[in-house]
Amino acid sequence: MGTSILAAPPRGSDLKPVVGAPGLPYIGNTVQVMRNPFGVARKRYAQFGPVSWGWLLGQRIVTVQGPEAAEVVLVNRDKAFSNGPAWSYFIGPFFNRGIMLLDFEEHLHHRRIMQQAFTQARLRSYMEAMAPGIGKGLDAWRPGGGFKVYDHLKQLTLDLATDVFMGVELERAEADRVNGAFIDAVRAGTAYVRFPVPGLRWHKGLRARKELEAFFRAHLPAKRRDGGDDLFAALCQAETDDGHRFTDDDVVNHMIFALMAAHDTTTITLTTMAYYLAKYPEWQERVREESSALGKPVLEFDDLAELKSIDLVMKEATRLLAPVPALPRRVVKDTSILGYHIPAGTTVVVPALTNHHMRQWWPDPERFDPERFADDRREDKVHKYAWAPFGGGAHKCIGMHFAGMQVKSILHQFVQRYRWRVPARYEWPLDTTSLPSPKDGLPVKLELIS
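Keep in mind that this is a model prediction, so the values were computed, not measured. (Residues numbered from 1 in each chain as written. Predicted model: local features only at pLDDT ≥ 70, side-chain atom pairs only at ≥ 80, totals over all residues. Heavy atoms only, no water.)

### Looking at the overall build of the protein chain
Heads up, the condition is: Put simply, DSSP marks the helices as runs of H or I at least four residues long and the strands as runs of E at least two long, and each gets a number from the N terminus on. Each radius of gyration reported is based on C-alpha atoms, and the globular scaling rule is 2.2 Å times the count of residues to the power 0.38. Only protein chains enter the accessibility calculation, which uses a 1.4 Å probe. A residue is then buried if its area is under 20% of the maximum for its type, exposed if over 50%, and partly exposed in between. Here a residue-residue contact requires only that any non-hydrogen atoms of the pair lie within 4.5 Å. Here the accessible surface of atoms and residues is derived via Shrake-Rupley with a 1.4 Å probe, and residues count as covered only by protein chains that are part of the display. Asp and Glu are treated as the negative residues and Lys and Arg as the positive ones, with His and the ends of the chain left uncounted. The atoms used to mark charge sites are NZ of Lys, CZ of Arg, CG of Asp and CD of Glu.
The helix and strand tally for the protein chain stands at 15 helices and 14 strands. A compact globule built from 450 residues should have a C-alpha radius of gyration of about 22 Å, and the protein chain, at 22 Å, falls within 12% of that. Taken along its principal axes, the extent of the C-alpha atoms in the protein chain is 70 × 55 × 45 Å. Counting across all 450 residues of the protein chain, residues that qualify as buried make up 56%. By sequence separation, contacts in the protein chain at least 24 residues apart represent 71% of the contacts at least 6 residues apart. Per element, the accessible surface of the protein chain, about 19,300 Å² overall, is 53% carbon and sulfur. Across the protein chain, 57 positive and 52 negative side-chain charges occur, with their mean positions spaced 6 Å apart.

Structure below.
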């Protein structure tokens, strides 16, 4: 099919219509976008500019490329863009009423309560609690060839999430079951067949949601009663100045969403960092020397700002591979983006994954160059939404400081225990059909530092 417009602008308006190449109805451009998001994005931008439309996963989707368009959508000054209906289409049945799926006053109400779980005092306690688990998890790794970094980091971050966020110890079989449920719930969001056919993604996701609900409800009474230093207890105890607290349903919904966000996105970030540190050993040594210079096997909260090289690598890693590749919104009233008419009912997507690779905003965007974030360069300052791995506006990730703290804590211990490398010409095969991850698990040669 050729090009067509999404909808005609109102009569007398000077707005432009959104043009696109819709492809086949329902299927549209889904397969191409999932298999080659970078190539499709470049082609779309060259053909249609920053705002275009197409069919994706059964919906008419307007994709807005570049930081200027991202700012309009994420800042949402005229409250035209809604999170809940957009995210619910993709993950609503599996992450029902998570903080990212709420909107406007209700979202701010829940966010105010949840912020009590991310105070500096709470972050300090989480960091102290996770340190032994990081050491135990890393010590269990077995050096050698073919060591799959992604698989091991995913297991480690899940163990930390269940330990630090829940404050409970799980038997290996139960931990594996919970991990499997989270994987099924996340992958269900990009299912082609979006109804429960046994054995397919959507059905597995619905079953996973039931398992996760039962898991948290079983532990909730003890958390209400006994409290603790973990996130689960914090959500049970959190209260605003005017006395508002979460219901049991609220706590379960937020815990399911928070554990997914905490261990999936952190795993992707750490794996991306490990990949580039394996390909660029000079950066790996720089990070290692900086951690060793602290003279502490375990990172402390007041040391976080000292790990400047890890910070640069982390920012570049999230630029090169945004852990949350796309940010959808539903348009609740007629609006405009960069002079284009966007009618109510449209789903708009900010593609963070590909926006971070736009040559118009990033010099040599495919190159791993952490120094682009250094104080004397700050290429990200070209626009405040040029680099937006945590989103922006009212829905900016509430756990972003926890995520940075966890990444630094893990990598600090990782680099002091091990070196790792990949063959000179190795390029990881990325799976971008859901949250991005290496198809091969990122196999490396892992060596113990004596």
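Here the narrative resumes.
### A short note on the layout of surface pockets
The cut-off we apply is this: Lining residues are those with an atom within 4 Å of a point, where the points come from a 1 Å grid over the protein atoms alone and group into cavities, where a 1.4 Å probe fits but cannot get out, or pockets, open sets with protein on both sides within 12 Å along at least five of seven lines. Grid points are joined across faces, edges and corners, and a volume is the space filled by probe spheres set on the points. Each residue gets one of three labels, nonpolar for Ala, Val, Leu, Ile, Met, Phe, Trp, Tyr, Cys and Pro, charged for Asp, Glu, Lys and Arg, and polar for the others, Gly among them.
A volume near 640 Å³ is recorded for the largest pocket. Around the largest pocket sit 26 residues that line it, and Lys-315, Trp-387, Phe-390, Met-400 and His-401 are the ones nearest its centre. Going through the elements one at a time, helix 13 (308–320) and helix 15 (400–417) are the ones with two or more residues in the lining of the largest pocket. When grouped by side-chain class, the residues that make up the lining of the largest pocket number 11 nonpolar, seven polar and eight charged. Taken as a whole, the second largest pocket encloses approximately 500 Å³ of empty space. Lining the second largest pocket are 20 residues, with Gly-133, Lys-136, Gly-137, Asp-159 and Arg-172 positioned closest to its centre. Contributions of two or more residues to the lining of the second largest pocket are made by helix 6 (120–139), helix 7 (149–165) and helix 8 (172–188). Broken down by element, the residue count for the lining of the second largest pocket peaks at seven residues, all from helix 7.

### Here's the deal with the packing of aromatic side chains
To keep it simple, the criterion reads: Side-chain rings of Phe, Tyr and Trp (the six-membered ring for Trp) are treated as a pair once their centres are within 6.5 Å; stacked means planes under 30 degrees apart, edge-to-face means over 60, and tilted covers the remaining angles.
Throughout the structure, instances matching the rule amount to 22 aromatic pairs. On the numbers, 6.4 Å between centres and 80° between planes, the contact of Trp-283 with Phe-368 is edge-to-face. With Trp-283 in helix 12 (residues 281–293) and Phe-368 in the loop between helix 14 (352–355) and helix 15, the pair connects residues that are 85 residues apart, well separated along the chain. Phe-368 shares its class with Trp-283; the two are buried.

### Things to note about the pattern of salt bridges
This is how it is decided: Salt bridge, as used here: a side-chain nitrogen of Lys or Arg that lies within 4 Å of a carboxyl oxygen of Asp or Glu.
Applying the stated criterion across every chain, the model contains 32 salt bridges. When the shortest N-O distance is used, the salt bridge between Asp-311 and Lys-315 registers 3.3 Å. With Asp-311 and Lys-315 both in helix 13 and four residues apart, the pair spans about one turn of that helix. Where Arg-378 meets Asp-380, a salt bridge forms, and the shortest distance between an N and an O atom there is 2.8 Å. Of the residues examined, Arg-378 reaches a relative accessible area of 24% and is grouped as partly exposed.

### Points about the sheet that holds strand 2 (residues 19–20)
Consider a sheet: its strands pair through backbone hydrogen bonds, and that pairing is either parallel or antiparallel. Definition in use: Between any two strands, pairing holds if DSSP finds at least two bridges. Here, axes are lines fitted to C-alpha atoms. For helices the fit covers the stretch in contact, and angles between N-to-C directions go from 0 to 180 degrees.
Strand order in the open sheet formed by seven strands is 1-2-3-4-10-7-5, and the pairing between neighbours is mixed. Since the sheet does not close on itself, it has two edges, and those belong to strand 1 (4–5) and strand 5 (81–82), each with one partner. In this sheet, strand 4 (residues 59–64) lies alongside strand 3 (residues 51–56) in antiparallel orientation, the contact comprising six bridges. Looking at the pairing, Trp-53 lines up with Val-62 of strand 4. The sheet strands contacting helix 2 (residues 37–48) are strand 2 and strand 3, and the helix crosses strand 3 at an angle near 130°. Helix 3 (residues 67–75) contacts strand 4, strand 5, strand 7 (327–331) and strand 10 (347–350) of the sheet and is inclined by roughly 125° relative to strand 10.

### Observations concerning the sheet that holds strand 11 (residues 418–421)
Spatial strand order, 6-14-11: three strands in an open sheet with antiparallel pairing. Edge strands, defined here as strands with exactly one partner in the open sheet, are strand 6 (144–148) and strand 11. Pairs of neighbouring strands in the sheet enclose a mean axial angle of 45°, with direction left out of account. Summarising the sheet, strand 6 and strand 14 (residues 443–448) pair through three bridges and their orientation is antiparallel. From the neighbouring strand, Lys-148 faces strand 14, where its bridge partner is Pro-443.

### Let's talk about helix 4 (residues 83–91)
Because the α-helix completes a turn every 3.6 residues, residues three or four places apart line up on one side. Selection criterion: In this context, the arc is that of the directions from the helix axis out to the C-beta atoms.
Considered for burial, the residues of helix 4 that qualify are Asn-83, Gly-84, Ala-86, Trp-87, Phe-90 and Ile-91. The buried residues of helix 4 all sit within an arc of 165° when viewed along its axis, so they share a single face. Contacts from the buried residues of helix 4 go to strand 4, strand 5, helix 8, helix 9 (201–226) and strand 7.

### A look at empty space enclosed by the protein
Evaluation of the coordinates by the stated rule reveals two cavities of 30 Å³ or more. There is about 40 Å³ of room inside the second largest cavity. What lines the second largest cavity is Ala-70, Leu-74, Leu-327, Val-350, Ala-352, Asn-355, His-356, Tyr-385 and Ala-388. Grouping the constituent residues of the lining of the second largest cavity by class yields seven nonpolar, two polar and no charged.

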